[in-house]
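Take a look at the letters that make up each chain.
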Amino acid sequence: MAAGQLIDGKSMAADVKRELAARIDRLDSESGIRPGLAVILVGDDPASETYVRGKIRDCRDVGIRSELVRLPENTPEEVLLRQIDRLNEDPSFHGILVQLPLPRHISAERVIHRIRPEKDVDGFHPINVGKMVIGQEAFLPCTPYGIMEMLRRTGISVAGKHAVVVGRSNIVGKPISILLQQANATVTMCHSKTKDLSAHTRRADILVVAVGKAHVIGPEHVGPNAVVIDVGINRTEEGRLTGDVDFEAVRPIASHITPVPGGVGPMTRAMLLVNTVRAAERTAGIGQG
Ligand code: NDP
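Residues numbered from 1 in each chain as written. Predicted model: local features only at pLDDT ≥ 70, side-chain atom pairs only at ≥ 80, totals over all residues.

The protein is annotated in an unreviewed UniProt entry as Bifunctional protein FolD from Planifilum fimeticola. The annotation that UniProt attaches to the protein under Pathway (unreviewed entry) is "One-carbon metabolism; tetrahydrofolate interconversion." According to the UniProt record, the Sequence similarities (unreviewed entry) comment for the protein reads "Belongs to the tetrahydrofolate dehydrogenase/cyclohydrolase family." (UniProt positions renumbered as here; feature names shortened; annotations may be inferred.)

And the structure:
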């Protein structure tokens, strides 16, 4: 059987970044505005450090000004909230991102609520979530936004397809199910309490997996010619990254498949930049997308 076509998130993200660099130049020449992103990191979790460093590097690549606000692990919640207030008021920052997870003594909910919705480039504020659900213009959370963009750029039509989403988190599973449904897919949601998972997943034209368990999806879960989007990031005992899908075994069955690494991850990062540029364009009263 022919192998499923690879959806190369890395090269797609490079395209998105090239397009953004042009948009940033235009914004600068038309209105003298340079997009700015503030990233707040509380504590020194090594994985969060890596993510934040990547985000700052991405900003530099495309010409977004960025500032990293580092706070110690024992920072009182009130101090973090005051930092957010300061950045909310600072017109040179169009986007504010607080790296999650936060230390246990800080309420992520209160922190996310404090960011002005028009600067909430992660798309986690309930105002943005609510607008997304009712189909209004909003900042979309970066991972589901990236997945929709990957489908679009690969030329995969969603309308009328049966999409099955495995996982129902607030940052991936729930929002991607809504976006797929808004794109006129018929959507089935699966989760840890779903009985006979493969009976559902096998019927998917588009299968999105966001579970966080290595190879929870094998060939027995995938029907012929399915489009398989693997969101999961797991570390093997040897220290390699691997997805929720058994890539080697599933690829021959699928029509398209995303690799891990190099699939959804790079597009998630790219969509943060897209949201930041859009936030800046909005302040200038120009631009779409
Ligand atoms: P969560 O842990 O928040 O959610 C996992 C979901 O999977 C839950 O809804 C859970 O069900 C469901 N689940 C758990 N076990 C099973 C099972 N055996 N069968 C079916 N469903 C199951 O994870 P996230 O959504 O935050 O992340 C998922 C994965 O995606 C992680 O590996 C994460 O690292 C990765 N990720 C990758 C990103 C990227 O940029 N590539 C971005 C964000 C996340 P229940 O609700 O019943 O508990």
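Teacher, can you tell me more about the site of the ligand here?
Taken together, the neighbourhood of the ligand is formed by 26 residues, with Gly 167, Ser 169, Ser 192, Gly 212 and Thr 268 sitting nearest. Examining the composition of the shell around the ligand, we find that three residues originate from one element, helix H10 (residues 264–283), more than from any other. A breakdown of the residues in the shell around the ligand according to their chemical character gives 11 nonpolar, 12 polar and three charged. (Near = placed C-beta within 6 Å. Helix = DSSP H or I, 4+ residues; strand = E, 2+ residues; numbered from the N terminus. Nonpolar A, V, L, I, M, F, W, Y, C, P; charged D, E, K, R; others polar.)

Help me out: how do you make sense of the sheet that holds strand S3 (residues 65–71) in this one?
The strands making up a sheet associate through hydrogen bonds between their backbones, and the pairing can be parallel or antiparallel. Taken in spatial order, the three strands make up an open sheet running S3-S2-S4, and their pairing is parallel. Only two strands of the sheet have a single partner each, and these edge strands are S3 and strand S4 (95–98). Mean inter-strand twist for the sheet, computed between neighbouring axes without regard to direction, equals 15°. Pairing analysis gives four bridges linking strand S2 (residues 36–42) to S4, with the strands arranged parallel. (Pairing = 2+ DSSP bridges. Axes fitted to C-alpha atoms, helices over the stretch in contact; angles between N-to-C directions.)

Is there a simple way to explain the UniProt feature "domain: Tetrahydrofolate dehydrogenase/cyclohydrolase NAD(P)-binding" (unreviewed entry) in the protein in this structure?
Taken from the UniProt record, the annotation "domain: Tetrahydrofolate dehydrogenase/cyclohydrolase NAD(P)-binding" (unreviewed entry) applies to residues 141–283. Overall, residues 141–283 shows 36% helix and 17% strand. The separation of its end C-alpha atoms is 20 Å.

Quick question: what am I supposed to make of the environment of Ser 107 here?
Checked against the element boundaries, Ser 107 lands in the loop between S4 and helix H4 (108–114). Distance from Ser 107 to Gly 130, taken between C-alpha atoms, is 20 Å for residues 23 residues apart in sequence.

It is not clear to me how helix H5 (residues 126–133) should be interpreted in this structure. Could you clarify?
Helical geometry note: an α-helix holds 3.6 residues per turn, so side chains three or four residues apart project in the same direction. Considered for burial, the residues of H5 that qualify are Asn 128, Val 129 and Met 132. The arc enclosing the buried residues of H5, seen along the axis, measures out at 100°, which places them on a common side. Set apart from the buried face of H5 by more than 90 degrees, the exposed residues are Pro 126 and Gly 130. In this structure, the buried residues of H5 make contact with helix H7 (173–182). Following H5 by one or two positions, Gly 135 adopts a phi angle in the positive range, close to 80°. (Buried ≥ 20, exposed ≤ 12 C-beta atoms within 10 Å, placed from the backbone. Arc of directions from axis to C-beta. Contact = placed C-beta atoms within 7 Å.)

Sorry if this is basic, but what is going on with the packing of helix H2 (residues 46–62) against H10 here?
Two numbers describe a pair of packed helices, the interaxial angle and the distance between the axes. Between H2 and H10, whose axes approach to 10 Å, the crossing angle comes to 55°. Comparing the axis directions of H2 and H10 gives the class oblique. Judged by the twist between their axes, the crossing of H2 over H10 is right-handed. Contacts between H2 and H10 pair Gly 54, Lys 55, Asp 58, Cys 59 and Val 62 from the former with Arg 269, Leu 272 and Leu 273 from the latter. Classifying every residue of the contact of H2 with H10 by side-chain character gives four nonpolar, one polar and three charged. (Parallel < 35°, antiparallel > 145°, perpendicular 65-115°, else oblique. Left-handed = near helix turned anticlockwise from the far one by under 90°.)

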